[in-house]
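# Analysis of the macromolecular model
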Amino acid sequence: MGNRPQIALVTGYIPISGHPRSAQEYGALGENMFGALRGDFYIHPFYETVGDTWLSKLIQTTSQDVSHSVADNSQKNSLAYHCVQHQKFAWLLKAHLLHPLTKTFVWMDYGVGHVPGITPDVVMDFMAAVKPDDFAIPGCSERDGLVINDYWPCWRFCGGVMVVPDNMVYKLYKGIHKTVREHIARTNNVTWEVNSLARAEPSLPPIRWYEADHNETMFTNYSKGLHNEQG
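To start, this report covers the structure provided alongside it.

About the thresholds
- Residues numbered from 1 in each chain as written.
- Predicted model: local features only at pLDDT ≥ 70, side-chain atom pairs only at ≥ 80, totals over all residues.
- Heavy atoms only, no water.
- Phe/Tyr/Trp six-rings, centres within 6.5 Å; stacked < 30°, edge-to-face > 60°.
- Helix = DSSP H or I, 4+ residues; strand = E, 2+ residues; numbered from the N terminus.
- Buried < 20%, exposed > 50% of the residue type's maximum accessible area, 1.4 Å probe, protein only.
- Lys NZ or Arg CZ within 6 Å of the ring centre and 35° of its normal.
- Expected span 1.5 Å × (residues − 1).
- Bend = angle between axes of the 7 residues up to and from the residue.
- Polar contact = N/O pair within 3.5 Å; in protein donor to acceptor, adjacent residues only side chain to side chain.
- Contact = heavy atoms within 4.5 Å.
- Core = buried A, V, L, I, M, F, W, Y, C linked by side-chain atoms within 4.5 Å.

## Here's the deal with the packing of aromatic side chains
A complete count under the given rule lists ten aromatic pairs for this structure. Aromatic pair Tyr13 and Tyr26: ring centres 5.1 Å apart, planes at 40°, arrangement tilted. In this pair, Tyr13 is assigned in strand β1 (residues 7–13) and Tyr26 in helix α1 (residues 23–34), connecting sequence segments 13 residues apart. Each member of the pair Tyr13 and Tyr26 is classed as buried. Through successive ring pairs, a cluster of aromatic residues spans Tyr13, Tyr26, Phe34, Tyr47 and Tyr110. Here the basic side chain of Arg21 rests over the ring of Tyr26, its NZ or CZ set 5.6 Å away from the ring centre. Just above the ring of Phe157 sits the side chain of Arg156; from NZ or CZ to the centre is 5.3 Å.

## Some words on helix α3 (residues 79–98)
Taking 1.5 Å of rise per residue, the 20 residues of α3 would be expected to cover 28 Å, and the 29 Å separating its terminal C-alpha atoms lies within 8% of that figure. By the largest-angle criterion, Lys88 marks the main kink of α3, which is about 35°.

## Points about unusual backbone geometry
Of all residues except glycine, most have a negative phi; of all peptide bonds, most are trans. The backbone of Asp133 sits at a positive phi, close to 65°, despite the residue not being glycine. The residue Asp133 is located in the loop between α4 (120–129) and β5 (136–139) in this model. For Asp133, a relative accessible area of 61% translates into the label exposed. With a phi angle near 60°, Asn188 is a residue other than glycine that sits in the positive phi range. When you line up the elements, Asn188 lands in the loop between α5 (166–187) and β7 (189–190). With relative accessibility at 31%, the residue Asn188 sits in the partly exposed group.

## Section: the side chain of Thr191
As for its placement among the helices and strands, Thr191 is situated in the loop between β7 and α6 (193–200). Using a relative accessible area of 2% as the deciding quantity, one classes Thr191 as buried. A polar contact of 2.9 Å, which involves the side chain of Thr191, links it to the side chain of Asp150. A polar contact of 3.3 Å, which involves the side chain of Thr191, links it to the side chain of Asn195. Discounting residues that sit within four places of it in the chain, Thr191 has contacts with Ser69, His82, His86, Asp150, His183, Ser196 and Arg199.

## Notes on the side chain of Lys88
Counting through the fold element by element, Lys88 comes out in helix α3. For Lys88, a relative accessible area of 2% corresponds to the buried category. A polar atom in the side chain of Lys88 sits 2.9 Å from the side chain of Glu193. For Lys88, the contacting residues outside a window of four places in its chain are Trp107, Asp109, Gly159, Met162 and Glu193.

## Focus: α5
Across its 22 residues, α5 extends 32 Å between first and last C-alpha, which sits within 8% of the 32 Å expected from 1.5 Å per residue. Considered for burial, the residues of α5 that qualify are Asp166, Met168, Val169, Leu172, Tyr173, Gly175, Ile176, His177, Thr179, Val180, His183 and Ile184. Buried residues in α5 make contact with α2 (54–61), α3, β4 (104–108), β6 (161–165), β7 and α6.

## Points about the nonpolar core
What tends to happen in soluble globular proteins is that the nonpolar side chains get buried as a cluster. Counting 40 residues, the largest nonpolar core has Val10, Leu55, Leu92, Met162, Leu172 and Leu197 as the members making the most contacts within it. Mapped onto this core, the elements with two or more residues apiece are β1, α2, α3, β4, β6, α5 and α6. Take this core: its biggest share by element is nine residues, from α3. Filtering out sequence-adjacent residues up to four positions away, Met162 remains in contact with Lys88, Phe89, Leu92, Phe105, Val106, Trp107, Ala136, Ile137, Leu172 and Leu197. By size, the runner-up hydrophobic cluster in this structure holds 29 residues, among which are Leu37, Phe41, Met108 and Ala212.

In structure tokens, the structure reads:
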């Protein structure tokens, strides 16, 4: 019992018809990244379908005609894509239910290996640095003056990495679910999961935000300010 890993690395993949990156490409990205990781942590991948996602099921129960955000890439930013991106919060919860004695759950996008500077060594260093009870998510934008609309992704949070303590997993999922449900009722729109997270943030337990960009800094900047905020 004492040797049981205290951290679970959670990821997942769902194929999307017509998505610019093929299932074969995603498979190679996942294998090259997760197959190379070594450390004292579980790796728990989920493989589902779009119809399995909680957001797809929520949309099916509404009588509204739901639109979705597309920005400048309608091929990538499909309704199915938004459903898949929001599933990470449910996968964290499912992993928590499967590993109830695990203390920390780290989300990492399945295709994160395509992002510049992110290698298995970078990820393993990050996993070794993860601290218990740290609810931390990297992002590009400070909260002050933040504007959230549904024409573009809001990069308050990068989205590809999250560190969530066991006692925050359910609160995060419920907060996102409530935010999305209310947003659809108000606007008939389904948007990016990072927009949902930015909207939900004020009602969630305090998140330790740390500055990063869509590169290796999502991992390498994790420890910046950690001791000051936790000490």
